[in-house]
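Okay, here's what each chain looks like letter by letter:
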Amino acid sequence: MFEFVTDKTLAEYEAFNESHPYGHFMQSKKWANLKEAWKWDAILVRDEAGAIKGSLAVLIRHLPHLPWTLMYGCRGPVCDPHDKQTLDELIAGARVLAKKHKSYVLKLDPDVSIEDKEFIGNLEALGFKNASGDSKNFEGIQPNFVFRLNVEDMQNEKVFSAPPEGEPFDVTVADTQGEAAIMHFKTDTRTKVRKAIKKGVKVKLVGHEMMPVFAQIMMETGLRDGFVTRPQSYFDKMMDCMGDNARLYMAFYEDKPIAGTLAIYYGDKVWYLYGASANGTKEFDVRKLMPNYLLQWLMIQWALEKKCRIYDFRGVSGDLTPDNPLYGLYRFKKDFNGDLVQFVGEYDLVFKPLINFGVNKGESTYRNLRRKRFLKKNKDLDTSKPKNLTGDHRAEQAKESNESE
């Protein structure tokens, strides 16, 4: 039998989500607190001993000027994907919520590999239909293809823990010799990490005082690569909501910020959520300093410090042809020798077919118009033309912004 999470059971719910191998930060209440336009609710199922054995958190949002709502279980459910009874009970609870909130659809994009045919069969038996089709780029709310690095068995005599905020990581080229993570990278990638250190790039953990700079560099990256970026207020609130689970890394050269990344630690994973690099010039080629490679190595150190199982590079395109404009993003992440993972994709349980049809028709048009407005509005701020000198973050996290504004 299912139950809904209350204030009394919230801490128990969070502990379960954080400890489960299919747990995800996007299923946490912390993440939901970032989503101002959405209502959060969660369902849980207990075993015979009273312990939680499955959960599903959903975000609920009204369609503009209409009584219907979208219900979205981002990266849920959290349970054994082959435990059909638990899955059935969680979806029964979601149906009750859908009736209460007049939801026209329940959308899931589980953190489960597309190779898991048994799980897909369980979803389809409950009435879910695949909504991703054969899409290979960033058409969905969350990326369907990601790169993941298994760090569980990486053993280091020394893990490079973060220094106090505002102070640089104390790393030398000698520190990288024989280090477990870097030895897993491709030879050329190791060279690029070491080159950044040799060139004098310094990485610091920073706080809200550097957020205006990070947001500006994100804007530069978005304009350069043609995607919509978040405002500074969004990143500020993310840091507040996620607390110690979020880190802002900034790379500096001669005290000038040249690149930044935002990472999330939760459960047994660290995610590389956002990345940006400043526009270079002919006289100052940021790309040659290799800051993004050093940033990645140091974020992986956080995963090692926390004894995580996975470091997640997040999204890439599933179209691996070299002429794909997103191929550079794939190549950059591939150089760290992770595994390309394809998830099952988006699955919809539709309650109001006509409403769902109309929304799906209008959604892609809205996204395209939104992107065009953003690029047109900020075109005077784009300093990357005529030459992109930084291209490690092509279309980086371009679609994460779709799930809320």
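The structure we're discussing is the one just above.
(A) Structural view of the overall build of the protein chain. Across its full length, the protein chain carries 12 helices and 15 strands. Here the protein chain holds 405 residues, and 58% of them are scored as buried. Contacts in the protein chain between residues far apart in sequence, at least 24 positions, make up 78% of those at least 6 positions apart. For the protein chain, the computed accessible surface area is about 17800 Å², with 51% contributed by carbon and sulfur atoms.

(B) Layout of the nonpolar core. If you look at the biggest cluster of nonpolar residues, it comprises 50 residues, and the most contacted ones within it are Val151, Phe185, Tyr249, Leu294, Trp297 and Tyr311. Filtering out sequence-adjacent residues up to four positions away, tryptophan 297 remains in contact with Phe160, Val171, Thr176, Glu179, Ala181, Ile182, Phe185 and Val193. Counting residues in hydrophobic clusters, the runner-up holds 48 residues, among them Ala57, Ile264, Tyr266 and Ala276.

(C) View of the packing of aromatic side chains. All chains considered together, the criterion is met by 18 aromatic pairs. Residues phenylalanine 25 and tryptophan 31 carry aromatic rings whose centres are separated by 5.0 Å and whose planes lie at 85° to one another, so their mutual orientation is edge-to-face. Comparing phenylalanine 25 with tryptophan 31 shows no difference in burial state: the two are buried. Linked through ring pairs, Phe185, Tyr293, Tyr311, Phe313, Phe332 and Phe336 together constitute an aromatic cluster. Above the plane of the ring of phenylalanine 252 lies lysine 204, whose end atom (NZ or CZ) is 4.8 Å from the centre. The ring of tyrosine 234 carries the charged tip of arginine 230 above its face, separated from the ring centre by 3.9 Å.

(D) Region of the structure containing the pattern of salt bridges. Inspection of every chain in the model, using the stated rule, returns 13 salt bridges. Taking the shortest distance from any N to any O, the salt bridge between aspartate 312 and arginine 148 comes out at 2.7 Å. With aspartate 312 in strand S13 (residues 310-315) and arginine 148 in strand S8 (residues 145-150), this pair connects stretches of sequence that are 164 residues apart. Among the salt bridges present, the one from arginine 287 reaches aspartate 285, with a minimum N-O distance of 3.8 Å. Linked by salt bridges that have partners in common, Glu3, Glu12 and Arg46 make up one network.

(E) Main features of the packing of helix H8 (residues 211-225) against helix H9 (residues 232-242). Interhelical geometry of H8 versus H9 gives an angle of 125° and a closest axis separation of 9 Å. For the element pair H8 / H9, the angle class is oblique. Classified by chirality, the crossing of H9 by H8 is right-handed. Between H8, through Met211, Pro212, Phe214, Ala215 and Met218, and H9, the contact on the second element is made entirely by Gln232, Phe235, Asp236 and Met239. Class assignment of the residues belonging to the contact of H8 with H9 gives a composition of 7 nonpolar, 1 polar and 1 charged.

(F) Structural context of the sheet that holds S13. Read across the open sheet, the 7 strands follow the order S9-S10-S11-S12-S13-S8-S14; overall the sheet is mixed. Lying at the two open borders of the sheet, with one neighbouring strand each, are strand S9 (202-206) and strand S14 (339-342). Across the sheet, the axes of successive neighbouring strands diverge by a mean angle of 30°, strand direction being ignored. Of the strand pairs in this sheet, S8 and S13 are connected by 5 bridges, and their pairing is antiparallel. Counterpart to valine 146 in the pairing with S13 is glycine 315. Seen against the sheet, H8 touches strand S10 (246-253), strand S11 (256-266) and strand S12 (269-277) and runs at an angle of roughly 75° to S12.

Basis of the calculations
- Residues numbered from 1 in each chain as written.
- Predicted model: local features only at pLDDT ≥ 70, side-chain atom pairs only at ≥ 80, totals over all residues.
- Heavy atoms only, no water.
- Helix = DSSP H or I, 4+ residues; strand = E, 2+ residues; numbered from the N terminus.
- Buried < 20%, exposed > 50% of the residue type's maximum accessible area, 1.4 Å probe, protein only.
- Contact = heavy atoms within 4.5 Å.
- Areas by Shrake-Rupley, 256 points an atom, 1.4 Å probe, with all protein chains shown as cover.
- Core = buried A, V, L, I, M, F, W, Y, C linked by side-chain atoms within 4.5 Å.
- Phe/Tyr/Trp six-rings, centres within 6.5 Å; stacked < 30°, edge-to-face > 60°.
- Lys NZ or Arg CZ within 6 Å of the ring centre and 35° of its normal.
- Salt bridge = Lys/Arg side-chain N within 4 Å of Asp/Glu carboxyl O.
- Axes fitted to C-alpha atoms, helices over the stretch in contact; angles between N-to-C directions.
- Parallel < 35°, antiparallel > 145°, perpendicular 65-115°, else oblique.
- Left-handed = near helix turned anticlockwise from the far one by under 90°.
- Nonpolar A, V, L, I, M, F, W, Y, C, P; charged D, E, K, R; others polar.
- Pairing = 2+ DSSP bridges.

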